[in-house]
Amino acid sequence: MVWTDNIRANHLSEFVVIESSTTEIVSTAQTCYQTCRDISDGELGLNLGVITAICSAVVVIIVIICIILFCYMRRKKSNRPPPIFDQAQKCPKDELYNEMQILRQDETRPIKIQDFCQQVTDMHKASNLLFSKQYEDLQTLSTKFKFPSRSNSGYDNFTRKRGSLAVSTLIDATFIPGHDSKHEYIACQGPVQANIEHFWRMVWDEKSKIIVMLSDANESNKEKSHQYWPKSTNRAFTYGEFIVKIISSTNVNKCTTREFIVSKGNTSRRVLHFTIPGWWNKDSNISAWDVLDCVRAVRERVLDDNIDPLIVHCSADVSRTGAFIALDHLIRYVEKHSLDHDIDVFNYVLQLRKSRRHMVTDKDQYIFIFDALSEFIRKKVDAQERVYEALYSEVEYTNENYKGLQLNKDINTSKTSGYMNVGYDDDYVVAN
């Protein structure tokens, strides 16, 4: 109401100004008319040219006054604050905020950890319809990310350059952030025969102590990654300025662990090498727990104070590499949080793609991340339920002992009073 009264007052003042201005114009016109009559009567004795000039001047003055009034009213109207609902609808900050909120919602698909297994089951229905829709969203959002060209994102000059290892077309590698460091992982292509020396130079310069290989040397009669270590134990092979010797090899389930001694000049270092034979892109010849066991084996060998990156590669450096890094990261997240927290596989894969293009490029590998993580969460839920059952059983056992002690106490007390309390009811019997 106050805002409406102000508007009315403003309109009233504007009408008063217009009315007074109109009165002045009419008075001026009357004066001009009377002057013209006087001139026509010959009272002033002026010639016709002077009369015309005076009339023109008066008309010009009137026009100028009208223009000034028009501009004044228009300017005043433009400065008037719009209605409140218009401000809310047209505020640029609100529009920007809403767009940012929509963008954040588009990039997130949070799921409660305790509901994750059921959600994965639902997403598998109708021939993985929900998985397909989510992966399409992932592909669409990924198109807006910009990356340097391949020739500028590899490894050559050994200098850190923002998110990428700087420059070489021989070893294409990128730093991937994790829980503990912005350079927790290095995702790279599988070495070929021509760049094995460059691969070991990257391992040496980045002081990496663990290499994870996720492809076989040959898959479907195609070379996926050249073997960059000696073929038998206690043998050494020279790759340029680096000497690599394998000193042990062990198998746990489907995870093979090798220990290398890598030497350059008079300096030697130990490097662990993990492989998962049989994890192919198109053939489901490996179970979720085969991969989870290898993820756990790798993480157990990472020291708490380790700041050196884990090198992870398959053949094309994005599909299985992205899946392994995602599982390692998400499993650690589940271990550190309760079942009431949210977990977002979609958003983390999107973050991986912000670091390196096409990470988890295969839809089957994207689904595999959910399935493997679901198995891990199910095991955690079962373990937690067993703990609760054990605690409940212990509490029940304690309560039963307490009841027995209380009953004995009541019996002993009843011997002096002549009554015995049976159980915890209100029934009493006379003791003999």
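Here goes a summary of the coordinates provided. As the structure is a prediction and not an experimental result, all values here were calculated from the model. (Residues numbered from 1 in each chain as written. Predicted model: local features only at pLDDT ≥ 70, side-chain atom pairs only at ≥ 80, totals over all residues. Heavy atoms only, no water.)

### Here we look at the overall build of the protein chain
Here's step 1: Helices and strands together make up the secondary structure of the protein chain, namely eleven helices and 17 strands.
Here's step 2: Taking all 432 residues of the protein chain together, 35% fall into the buried category.
Here's step 3: Taking the intrachain contacts of the protein chain between residues at least 6 apart in sequence as the baseline, contacts between residues at least 24 apart amount to 60%.
Here's step 4: When the accessible surface of the protein chain is summed, it comes to about 26,200 Å², and 55% of that surface belongs to carbon and sulfur atoms. (Helix = DSSP H or I, 4+ residues; strand = E, 2+ residues; numbered from the N terminus. Buried < 20%, exposed > 50% of the residue type's maximum accessible area, 1.4 Å probe, protein only. Contact = heavy atoms within 4.5 Å. Areas by Shrake-Rupley, 256 points an atom, 1.4 Å probe, with all protein chains shown as cover.)

### Focus: the pattern of salt bridges
Here's step 1: Per the counting criterion, the structure on display carries 19 salt bridges.
Here's step 2: With a closest N to O distance of 3.9 Å, Asp 342 and Lys 112 form a salt bridge. Remark: Lys 112 occurs in strand S1 (residues 111-112) and Asp 342 occurs in strand S15 (residues 342-343); sequence separation between them is 230 residues.
Here's step 3: We classify Asp 342 as partly exposed; its relative accessible area is 36%.
Here's step 4: For Lys 112, a relative accessible area of 36% puts it in the partly exposed group.
Here's step 5: Where Arg 201 meets Glu 241, a salt bridge forms, and the shortest distance between an N and an O atom there is 3.3 Å. With Arg 201 in helix H7 (residues 196-205) and Glu 241 in the loop between strand S10 (236-239) and strand S11 (242-252), this pair connects stretches of sequence that are 40 residues apart.
Here's step 6: Using a relative accessible area of 15% as the deciding quantity, one classes Arg 201 as buried.
Here's step 7: Each of the salt bridges in this network shares a partner with another, and the network as a whole consists of Asp 180, Glu 184, Arg 299, Asp 328 and Arg 332. (Salt bridge = Lys/Arg side-chain N within 4 Å of Asp/Glu carboxyl O.)

### Some words on unusual backbone geometry
Here's step 1: Backbone geometry places Asn 128, a non-glycine residue, at a positive phi of 60°.
Here's step 2: Of note, Asn 128 is situated in helix H6 (residues 125-142).
Here's step 3: A relative accessible area of 22% places Asn 128 in the partly exposed class.
Here's step 4: A positive phi angle is found at Val 360, which is not glycine, with a value near 55°.

### Side note on the packing of helix H9 (residues 319-336) against helix H10 (residues 345-355)
Here's step 1: Following both chains from N to C, one finds H9 and H10 inclined at 125°, their axes separated by 11 Å at the closest point. Classified by the angle between their axes, H9 and H10 sit oblique to one another. Judged by the twist between their axes, the crossing of H9 over H10 is right-handed. Counted together, Gly 322, Ile 325, Ala 326, His 329 and Leu 330 of H9 and Val 345, Tyr 348 and Leu 352 of H10 form the full contact between these two elements. (Axes fitted to C-alpha atoms, helices over the stretch in contact; angles between N-to-C directions. Parallel < 35°, antiparallel > 145°, perpendicular 65-115°, else oblique. Left-handed = near helix turned anticlockwise from the far one by under 90°.)

That is the geometry; function is a separate question.
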